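# A closer look at the structure
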Amino acid sequence: MCEVGTRPPLPASGDLSGGETPPASALSPPVLPPGEKGREMGEQPIFTTRAHVFQIDPATKKNWVPASKQAVTVSYFYDSTRNSYRIISVDGAKVIINSTITPNMTFTKTSQKFGQWADSRANTVFGLGFSSEQQLSKFAEKFQEVKEAARLARDRSQEKAETSSNHSQESGRETPCSTRASSVNGTDDEKASHGTPSDAQLKTENDKLKLALAQSSSNVKKWETELQSLRDSNARLTSALQESSASIEHWKTQFSICKEENDQLRSKIEELEEQCNEIDKERERNAQLSRRLQELEAELQDKELELEDLRKQGEVIPQLMEECETVSQKLQAAEKRNTDLEEKVRALQTEVEESRHRQNNLKTDLQTFLDVLDGKIDELHDFRQGLSKLGIDN
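Reading guide: rules and limits
Residues numbered from 1 in each chain as written. Predicted model: local features only at pLDDT ≥ 70, side-chain atom pairs only at ≥ 80, totals over all residues. Heavy atoms only, no water. Patch = residues over 30% accessible without salt bridge, like charges linked within 9 Å, V, L, I, M, F, W, Y side chains within 5 Å. Areas by Shrake-Rupley, 256 points an atom, 1.4 Å probe, with all protein chains shown as cover. Salt bridge = Lys/Arg side-chain N within 4 Å of Asp/Glu carboxyl O. Helix = DSSP H or I, 4+ residues; strand = E, 2+ residues; numbered from the N terminus. 1 Å grid on protein atoms, 1.4 Å probe; cavity = no way out; pocket = protein on both sides within 12 Å on 5 of 7 lines; lining within 4 Å. Points joined across faces, edges and corners; volume = space filled by probe spheres on them. Nonpolar A, V, L, I, M, F, W, Y, C, P; charged D, E, K, R; others polar. Buried < 20%, exposed > 50% of the residue type's maximum accessible area, 1.4 Å probe, protein only. Pairing = 2+ DSSP bridges.

## Considering a nonpolar patch on the surface
- A cluster of nonpolar side chains, contributed by Leu366, Phe369, Leu370, Leu373 and Ile377, occupies part of the molecular surface with about 450 Å² of accessible area.
- Position of Ile377 among the secondary structure elements: in helix α3 (residues 196-393).

## Quick notes on the layout of surface pockets
- Reported here for the largest pocket is a volume of approximately 1200 Å³.
- Considering the residues around the largest pocket, the lining is formed by 34 residues, among which Arg121, Arg154, Ser157, Trp223 and Glu226 are closest to the centre.
- At the level of secondary structure, the elements contributing two or more residues to the lining of the largest pocket comprise β4 (84-91), α1 (133-185) and α3.
- Considering every element that reaches the lining of the largest pocket, the biggest residue donor is α3, with 14 residues.
- Each residue belonging to the lining of the largest pocket can be placed in one class, and the counts come to 11 nonpolar, 14 polar and 9 charged.
- Estimates place the volume of the second largest pocket at around 680 Å³.
- Lining of the second largest pocket is provided by 31 residues; of these, Ala118, Val125, Leu237, Ala240 and Leu241 occupy positions nearest its centre.
- Mapped by element, the contributors of at least two residues to the lining of the second largest pocket are β7 (114-119), β8 (124-129) and α3.
- In terms of residues, the lining of the second largest pocket owes the most to one element, α3, which gives 13 residues.
- Considered class by class, the residues forming the lining of the second largest pocket number 11 nonpolar, 16 polar and 4 charged.

## Considerations on the pairing of strand β3 (residues 72-79)
- Most of β3 is tucked away: 7 of the 8 residues are buried.
- Pairing of strand β1 (residues 43-56) with β3, which is carried by 8 bridges, proceeds in the antiparallel orientation. Its bridge partner being in β3, Thr48 is matched across the sheet by Ser75.
- In terms of strand pairing, β3 meets β4 through 6 bridges, oriented antiparallel. Bridge pairing links Tyr76 to Ile87 in β4.

Below you can see the structure in the form of structure tokens.
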């Protein structure tokens, strides 16, 4: 249930499949209660739609009570014999709306898809929940048209009643004058012979006027009682409206409080989201650290394997040390031999240098000797030529 003036929660959207043009079965007149069967023949549907029906809670006068479990047919009916309009809705064999429209009624849109009106005769408030804003607008327009037609019908009936009452009063004033005129005009015999048909006609007219006056007076009493009931219902509706306005103020304050709480919750949610983001970042960091830890554990295992290999190699180190000592001794001996050989090489190099020097000296001596020999040969050649010339001369 919800407060008056607010839209109640509707059932699933699949139930609101109706519109202005329903199936042919929905246009047939609804099953009326026993007291209304006399009107069924003169009433015809003029507008039909589908909606969820609600009624005001009679105990609290504030909350809505669903009158139908699903969307039902809601129709405007026009009674040509009574010149009246009604809104009728039937759920199975149960009549949930039977509201006669009067000019004092008002259809109010409380939301985009919900509207309501108060029925003083039924002493309740009806609410309709539609599937679309367009259906609500069409229903409200039709309500306004029907209310205007009811107002015109009421004005016409009042004019007819006033006309009939005025006519009865005028006829009542004219009747003594006609009797006085008939008594002045002649004797009783003349009245009997000439005035009898007019007196009978006047009596019948007077009877008709008296009957119309009685009916009008009864209608006036009935209208007075209806007016009083309307005043009472208006007073109740005014009190209900005041209570609803007070409840609206209460709900406004509740709404502001809820809004503040909502803002606080939003801020808390934002803080929690930030904390969640930080937690996600920490998780990512932990994941990275766990991956790094796994990598380090793998490296540690590799190092342990290497250490194990080094330990195995460490067992061979004493043998290698002994071999190194023998090799170092051999190396020292070889180094000594190398130094001896180097000294020998240096001595040989000095000897070679000295031999080269002596050879160079020998070469120079040999060259000088060859030069002297060449000179001697040339001199001997010259001496031979001189001897040959002397021999030829001799």
